[in-house]
Amino acid sequence: MSNEAQKLRESLGARLRGLRKDGGFASGRAFAAATEWQESKVSRIENGQQNASEEDIRLWCQKTNAQEQIDDLIATVRHIEELWLEWRRQLQSGAAPRQVRALPVYAKTKVFRVWHPTLVWGTLQTAEYAAETFSTSTGVTASSTCCWRSKPSTRTSVAQR
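Residues numbered from 1 in each chain as written. Predicted model: local features only at pLDDT ≥ 70, side-chain atom pairs only at ≥ 80, totals over all residues. Heavy atoms only, no water.

**Here we look at a nonpolar patch on the surface**
A surface patch of nonpolar side chains, about 740 Å² in accessible area, is lined by Val 100, Leu 103, Tyr 106, Phe 112, Val 114, Val 120, Trp 121 and Leu 124. Here Leu 103 lies in helix α6 (residues 96–108). (Patch = residues over 30% accessible without salt bridge, like charges linked within 9 Å, V, L, I, M, F, W, Y side chains within 5 Å. Areas by Shrake-Rupley, 256 points an atom, 1.4 Å probe, with all protein chains shown as cover. Salt bridge = Lys/Arg side-chain N within 4 Å of Asp/Glu carboxyl O. Helix = DSSP H or I, 4+ residues; strand = E, 2+ residues; numbered from the N terminus.)

**Re the pattern of salt bridges**
One pass over the structure, following the stated rule, counts eight salt bridges. A salt bridge links Glu 46 to Arg 17; the nearest nitrogen and oxygen atoms lie 3.6 Å apart. Taken together, the positions of Glu 46 in helix α3 (residues 39–46) and Arg 17 in helix α1 (residues 3–22) put the pair 29 residues apart, joining distant regions of the chain. Classification of Glu 46 by relative accessible area gives buried; the value is 7%. (Buried < 20%, exposed > 50% of the residue type's maximum accessible area, 1.4 Å probe, protein only.)

**Concerning the nonpolar core**
Within soluble globular proteins, side chains that are nonpolar generally end up buried alongside one another. In this structure, Leu 16, Ile 57, Trp 60 and Leu 73 are the most contacted members of the largest nonpolar core, which totals 26 residues. Residue assignment for this core shows that the elements contributing at least two residues are α1, α2 (28–35), α3, α4 (54–63) and α5 (70–92). When residues in this core are grouped by element, the largest group, nine residues, is from α5. Beyond its immediate stretch of four places on either side in the chain, Trp 60 contacts Leu 16, Arg 17, Leu 19, Arg 20, Phe 31, Trp 37, Val 42, Ile 45 and Glu 46. (Core = buried A, V, L, I, M, F, W, Y, C linked by side-chain atoms within 4.5 Å. Contact = heavy atoms within 4.5 Å.)

**Here we look at the packing of aromatic side chains**
Here the structure, examined in full by the defined rule, presents four aromatic pairs. Relative to Phe 31, the ring of Phe 25 lies with its centre 5.2 Å away and its plane at 80°, an arrangement referred to as edge-to-face. Taken as a pair, Phe 25 and Phe 31 share a single burial class, namely buried. Relative to Trp 37, the ring of Phe 31 has its centre 6.1 Å away and its plane inclined at 80°; by these criteria the two rings are edge-to-face. Residue class for Trp 37 comes out buried when judged on its relative accessible area of 15%. An aromatic cluster is defined as three or more aromatic residues linked by ring pairs; in this entry it consists of Phe 25, Phe 31, Trp 37 and Trp 60. The lysine or arginine in question, Lys 41, covers the ring of Trp 37, its NZ or CZ lying 4.3 Å from the ring centre. (Phe/Tyr/Trp six-rings, centres within 6.5 Å; stacked < 30°, edge-to-face > 60°. Lys NZ or Arg CZ within 6 Å of the ring centre and 35° of its normal.)

**Some remarks on α2**
All of the buried residues in α2 are Gly 28, Phe 31, Ala 32 and Thr 35. Viewed along the axis of α2, the buried residues span an arc of 100°, placing them on a single side of the element. Exposed residues pointing more than 90 degrees away from the buried face of α2 are listed as Arg 29 and Ala 33. Along its buried surface, α2 packs onto α1, α3 and α4. Positive phi appears at Glu 36, one or two residues downstream of α2, with a value of about 60°. (Arc of directions from axis to C-beta.)

**Some remarks on the confidence of the model for the protein chain**
Caution applies to low-pLDDT regions: their predicted coordinates should not be interpreted in detail. Of the residues in the protein chain, 83% have a pLDDT of 70 or more, and the chain-wide mean is 82. Of all the helices and strands in the protein chain, helix α8 (residues 152–160) carries the lowest mean pLDDT, 54, while α4 carries the highest, 96. Across residues 141–152, where pLDDT falls below 50, the model places 16 contacts with residues more than four positions away in sequence or in other chains. (pLDDT = per-residue confidence, 0-100.)

As structure tokens, this is what we get:
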């Protein structure tokens, strides 16, 4: 998952939540009723767990009397979609090209200070652990059509780690 795209999606959700509240809807439940959406859809969009479509943005702005913000919000939605597409393109070619681009920075590093509460540092990972971590973080699973097992470059990259 692209961190930049996720941060933008969360930022968009917070902005839409603000518009909802400014529009007089105290709760997502009230807004969902006004738009005839499921409450969960409003919640997922506001919390950055779901992309809003251009039509969603138009309806959101119409219901909250914020029509002047439609163009800017739609531009944000399109930018988020472009970031997701770029992320998918990177994943299609496997992880190896991305990892190779990081090698010069890795080679220059003299001291690693790494702490993560739930992950093992990359140079200490086994191939199996790295593969599972990769599939979890990218959403690519063994049953996916674009899985790491079907990509020799990614499989090779994991084995080399």
